[in-house]
Amino acid sequence: MSKSEVVTSAPRVPAADAILPKPPGGAGLEAVFRPKSIAVIGASRDRSTVGGALFHNLLKHDFQGPIYPVNPKSAVVQSVRAYPTIADVPEAVDLAVMVVPAKFVNQTLEDCGKKGVKAAVVISAGFKEVGGEGVQRERDMVQIARRYGMRVIGPNCLGVLNTEPGTSMDATFAPPYPPAGTVAFSSQSGALGLAILEYATALNIGISHFVSVGNKADVSGNDLLEFWERDPNTSMVLLYLESFGNPRRFLEIARRVGRTKPIVAVKSGRTAAGMRAASSHTGSLAGTDSAVTALCHQAGVIRTDTMEEMFDVAMVLANQPVPTGNRVGIITNAGGPAIMATDACESNGIEVVALTEETRKALQAFLPAEASVRNPVDMIASATAESFEKAVRIVANDPNVDSLIVLYVPPIVTNPLEIAQAIVRGNEEAKADRAAAGQGPKPVLSCFLGSHGVPEGLKSLQAGHIPSYTFPGSRGHRARARGEVRRVAEVARRQGARVHRRRSRRDAPADRPGARARRGRGRQLVAHAGRSRVAARRVAHHDAGDRVRAFGRRSGHVGRAARVPGRGQARERHDHAQERRRRRAARPAQLEGRA
């Protein structure tokens, strides 16, 4: 073997300060969500502290495994024997939760690595988000974790939670504990995570996993998406984002995951001031809002502007089937709310259709003469629980209707609990009728004016799960939620196993509603990906969707924004440039004539 062959065949040794690569595909996160044992480093006897509250939550919610408090100053923490260091714990530890000052985190993580700990959750703040030496401290922390093969959540985070009965792990210091369910939630803000858990509990939205990722030093939202893609206990993913670490990877993963599990995201930092705030909060660089909108559109992610809108969408997806179309039927006992709901639906692309003659005759058979059997069906204020039950069953079985909205204004003569139970019975009867005909159920939403979430009568019935909203069309959020769900349903239905089917220019003519806007988003995304204006314009005029995805895969990140002209704008600018050059060339001759 020659000297050159020896040199070229030698393995490449990374620089001493180089960050080792992370495990692929969300590997190692099983120890985060389903650890066999947990050590809380910094566990406190005082429940008013973060370490005390977190340790108490693990005990309170019956974690199915041993919990080891680590505290060098206390022999017993909350009636559990404590250990001075992680090395003194006699058994193996899968997950270490650290609530120690930032300057001690890296040495503690080194001790965890020597102990054989598989994963760590770093609650402590004082890293990249504070700048200065915090940046290097976080870099060193990641290097230590990679050297020992550990996965790290955080730092600067609220913790993690898993409601599965076989785990029952609440490794957070948040007071609320949400009901078990199939909705996974990742939040980049720990403080907002507190409100998220409270809101999910109030709306009875079942959570499978909750993660506060903080600075995302190691485990990112992309890693979590890949883990939840394989997780059988998760059917939907909610994201609160302040930044995208790797937009190209997010696009690929979200597009794949969204085929079977809807993804709903709130991306903050839409303005310049918001982006500065996000940078100071978790040390992240937030992308421009137009690029984020284009990215979510390409990935099939439902993007909402506020947390309230996110939960409006989540209540539909978590409790009801996805609609098969955009035609809606409305049942009410008051005309005003029905008008509001109709306006909100129509303005969000949902059609309030005419009911069939058979449906109208069936409604006329039991409703008073003053009632309206058109859509919306106004049963007037005297409508009884029996009337609601029959109307829900009849309208839900109408072949012109893809989904149903039931509005209820509580008058003196009826009991809201009875109405709620009647709606559930009517829906169950309609589902049985459709099942007998070999058809699937239709989504049913309700609006009990003044009651947000799930009415008590619906909560008490296992088969109910019909979400309720406070007001019909309030700020457009509720209708928008239905519109976004409908849009995702149409995409999934039209494209089968893929979220985005390739579409030629003939399939999407320029005069089709929304086609111009979609091409505009395509131009934006390509421009943000760093392509030249000429290339971006060519992509925008020829099948934007396919080529944007191809450029996105090659580019690897979303960078500086650039305005990309269309073909007509480019020609106009070219003509202006030619005219300016002609005038400059003629200027010396004009000056000579004046002389």
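Cut-offs used in this document
- Residues numbered from 1 in each chain as written.
- Predicted model: local features only at pLDDT ≥ 70, side-chain atom pairs only at ≥ 80, totals over all residues.
- Heavy atoms only, no water.
- Helix = DSSP H or I, 4+ residues; strand = E, 2+ residues; numbered from the N terminus.
- Buried < 20%, exposed > 50% of the residue type's maximum accessible area, 1.4 Å probe, protein only.
- Contact = heavy atoms within 4.5 Å.
- Areas by Shrake-Rupley, 256 points an atom, 1.4 Å probe, with all protein chains shown as cover.
- Salt bridge = Lys/Arg side-chain N within 4 Å of Asp/Glu carboxyl O.
- Axes fitted to C-alpha atoms, helices over the stretch in contact; angles between N-to-C directions.
- Parallel < 35°, antiparallel > 145°, perpendicular 65-115°, else oblique.
- Nonpolar A, V, L, I, M, F, W, Y, C, P; charged D, E, K, R; others polar.
- Polar contact = N/O pair within 3.5 Å; in protein donor to acceptor, adjacent residues only side chain to side chain.

Thoughts on the overall build of the protein chain
Move 1: In terms of regular secondary structure, the protein chain is built from 21 helices and 19 strands.
Move 2: In the protein chain, which comprises 595 residues, the proportion classed as buried is 51%.
Move 3: Restricting to contacts in the protein chain with at least 6 residues of sequence separation, those with at least 24 account for 73%.
Move 4: With an accessible surface of roughly 26700 Å², the protein chain has 53% of that area assigned to carbon and sulfur atoms.

Re the pattern of salt bridges
Move 1: Taken as a whole and judged by the stated rule, the model has 22 salt bridges.
Move 2: Note that K118 is salt-bridged to D94, the shortest N-O span being 3.6 Å. Residue K118 is located in the loop between α4 (102-115) and β6 (119-122), and its partner D94 is located in the loop between β4 (80-81) and β5 (95-98); the two are separated by 24 residues in the primary sequence.
Move 3: The exposure class assigned to K118 is partly exposed, which follows from its relative accessible area of 47%.
Move 4: Taking relative accessible area as the criterion, D94 reaches 10% and is therefore assigned buried.
Move 5: The salt bridge partner of D218 is R151, with a shortest N-O separation of 3.0 Å. Placement of D218 in the loop between β11 (207-212) and α7 (221-230) and of R151 in strand β7 (residues 151-153) is noted, with a sequence separation of 67 residues between them.
Move 6: When its relative accessible area of 2% is taken as the criterion, D218 is described as buried.

Focus on the packing of helix α8 (residues 247-257) against helix α10 (residues 289-299)
Move 1: Remark: α8 packs on α10, axes separated minimally by 8 Å, with the N-to-C direction vectors making an angle of 30°. Here α8 is positioned roughly parallel relative to α10, judged by the angle of their axes. Of α10, the residues touching α8 (which contributes P247, F250, L251, A254 and R255) are L295, Q298 and A299.
Move 2: Of the residues assigned to the contact of α8 with α10, the class counts are six nonpolar, one polar and one charged.

Considering the side chain of N375
Move 1: Within the secondary structure layout, N375 lies in the loop between α13 (357-364) and β17 (377-378).
Move 2: A polar atom in the side chain of N375 sits 2.9 Å from the backbone oxygen of V328.
Move 3: A polar contact of 2.7 Å, which involves the side chain of N375, links it to the backbone oxygen of V353.
Move 4: Not counting residues within four places of it along the chain, the set of residues in contact with N375 comprises V328, G329, I330, V352, V353 and L355.

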